[in-house]
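Examination of the molecular architecture
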Amino acid sequence: MGYSTMAHALISYMESNLQNFSMKEMSGSFGFSEIYLRELFLKNVNMPIMQYYRRRRIIVSAYEILHSDKRIVDIALEYGYSNHFGRRLE
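For clarity, every value in this text was computed on a predicted model and none was experimentally measured.

Residues Ile-65, Leu-66 and Ile-72 make up a contiguous nonpolar surface patch of about 320 Å² in total accessible area. When you line up the elements, Ile-72 lands in helix H5 (residues 72–78).

Moving on to the environment of Leu-77. Mapped onto the fold, Leu-77 is located in helix H5. On the basis of relative accessible area, Leu-77 is assigned to the partly exposed category, the value being 27%. Here the alpha-carbon distance between Leu-77 and Gln-19, two residues 58 residues apart in the chain, equals 9.1 Å.

Backbone phi values are negative for most residues with the exception of glycine, while trans is the configuration of most peptide bonds. Phi at Asn-46 takes a positive value of approximately 60°, unusual for a residue other than glycine. Tracing the backbone through its elements, the reader meets Asn-46 in the loop between helix H3 (34–45) and helix H4 (49–67). Overall, the relative accessible area of 65% leaves Asn-46 in the exposed class.

The next point concerns helix H1 (residues 5–16). Between the first and last C-alpha of H1 there are 17 Å, a value that for 12 residues agrees with the 16 Å anticipated at 1.5 Å per step. Every buried residue of H1 is accounted for by Ala-7, Leu-10, Ile-11, Tyr-13 and Met-14. Buried residues of H1, viewed axially, fall in a sector of 160°; they line one side. Residues Thr-5 and Ser-16 are exposed on H1 and point more than 90 degrees away from its buried face.

Each value, and the rule that gives it
Residues numbered from 1 in each chain as written. Predicted model: local features only at pLDDT ≥ 70, side-chain atom pairs only at ≥ 80, totals over all residues. Heavy atoms only, no water. Patch = residues over 30% accessible without salt bridge, like charges linked within 9 Å, V, L, I, M, F, W, Y side chains within 5 Å. Areas by Shrake-Rupley, 256 points an atom, 1.4 Å probe, with all protein chains shown as cover. Salt bridge = Lys/Arg side-chain N within 4 Å of Asp/Glu carboxyl O. Helix = DSSP H or I, 4+ residues; strand = E, 2+ residues; numbered from the N terminus. Buried < 20%, exposed > 50% of the residue type's maximum accessible area, 1.4 Å probe, protein only. Expected span 1.5 Å × (residues − 1). Arc of directions from axis to C-beta.

Encoded structure:
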C-alpha cells in the first residue's frame, strides 16, 4: 500500500484530531481546498476521507469502552457521538 507523503500527513493529522476533526480546519492547516484533499485521500487510500474518519472514531471508541473505566456516555461525548435522537450528548 503506497500512500503518498501527503496522504500520510492527512492520516496523521486526522489521527491526532479524532475527537474534534474538521475538514475545514484540516484544509486550512494544509493550505489546500477541501475538494483537493478529499480527492487526494480517495486516490491514495481508496476510501473517502470521512468514511476513514468514521471508522477510526468507531475503532478508538470501542477500544476505550473495552479497555478503560470510563462510562460509555463519557466516551460518546469525548468522540462527538449523538444520542439516539440525533442530538449531540451534553
